[in-house]
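Observations on chain architecture
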Amino acid sequence: MSPDPVRAVVLDIEGTTGSVDHVHAVLFPYARERFAGWFAAHRGQPRWTELIEDVRRATGAADLDEAGAVAALHAWTDADVKAAPLKALQGEIWAVGYADGTLHGHVYDEVPEALTRWRAAGIACHIYSSGSTSAQRNWFAHSNHGDLTGLLNGYFDLTTAGPKREPDSYRTISRALRVPPAATLFLSDVGAELDAAAAAGWQTLAVRRPDDPRGPAVDGHPVRTDLAGLDLTPQPAIP
């Protein structure tokens, strides 16, 4: 039996629609250099208190002070930990850089055409990334191919969906989309994320760019090197 027709596509960012190197070489250092300054500028404000409490909960250190929170954020950045407080603050700091033109999001050349084609076929296109939803919007609003937000229907992150390696996160997204899991396709470069989506009943497709050091294979999932020519519309049966 062939897979159900795809009604919704959910895409990862890093390694799938945009460059991992851009995130690690540009965005991460930009935010890391500004954590301490952000806390100093917001000291005593409700958002400062909220973020301190979020870092305390994430670290399990109830008495963590401002310096300790900054140190935790630095450590999470260096280890690429998908911690919700880190992702939220990164998104807030990046927003300033996007607004003043210092930063842009990287999107592979074939991605705008693919999104355009899928939208024209009536397929809803969403993003699911560990980065905050605001960071995701800014990435696509200020991309190297211009503002692409008009091609996207919505965004999911660690707060609105949950961890990307947990099947329940994909079930949460299915409820929000109101699309059957079997009619939803997830594209990612990470095998564990694809495994979780498959466990939730989704269709999956791995994307491994030619320069990916992990190689071209992803166990248990079909693989493509890019999104060019990826046709998601049902094909007529051969008589």
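What comes next concerns the included structure. From a predicted model like this one, the values you see are computed outputs, not experimental measurements.

So, on to the packing of helix H2 (residues 35–42) against helix H4 (residues 66–79). Contact geometry of H2 with H4 gives a least axis separation of 9 Å together with a crossing angle of 150°. Here H2 is positioned roughly antiparallel relative to H4, judged by the angle of their axes. As for how H2 packs across H4, the hand of that crossing is right-handed. Residues Phe35, Ala36, Phe39 and Ala40 of H2 pack against Glu66, Ala69, Val70, Leu73, His74 and Thr77 of H4. Tallied by class, the residues present in the contact of H2 with H4 amount to seven nonpolar, two polar and one charged.

Moving on to the packing of H2 against helix H3 (residues 46–59). Between H2 and H3, the shortest axis-to-axis distance is 8 Å and the interhelical angle comes to 130°. The angle between H2 and H3 places the two elements in the oblique class. Crossing handedness for the pair H2 and H3: left-handed. In this structure, H2 uses Trp38, Phe39 and His42 to contact H3, whose residues at the interface are Arg47, Trp48, Leu51 and Ile52. In the contact of H2 with H3, the residues fall into five nonpolar, one polar and one charged.

What counts and what doesn't
- Every chain is numbered on its own, with residues counted from 1 as its sequence reads.
- Only residues with pLDDT of 70 or above have their local features reported here, since the model is predicted, and side-chain atom pairs are shown and tallied only from 80 upward, although totals for entire chains, interfaces and linings are computed over all residues.
- To obtain the side-chain values, all non-hydrogen atoms of the structure were included, while hydrogens and water were left out.
- Helix axes use the C-alpha atoms of the stretch in contact, all axes being lines fitted to C-alpha atoms, and the angles between their N-to-C directions lie in the range 0 to 180 degrees.
- Numbering goes from the N terminus for both helices and strands, where a helix is a DSSP run of H or I of at least four residues and a strand is a run of E of at least two.
- Any angle that falls under 35 degrees is termed roughly parallel, while one over 145 is termed roughly antiparallel, one within 65 to 115 roughly perpendicular, and all others oblique.
- Take the far helix as your reference; a near helix turned counterclockwise from it by less than a right angle gives a left-handed crossing, and one turned clockwise gives a right-handed crossing.
- Note on contacts: a residue pair qualifies if any of its non-hydrogen atoms lie within 4.5 Å across the two residues.
- Classes in brief: Ala, Val, Leu, Ile, Met, Phe, Trp, Tyr, Cys and Pro nonpolar; Asp, Glu, Lys and Arg charged; the others, Gly included, polar.

Any link to function would need more than the numbers given here.
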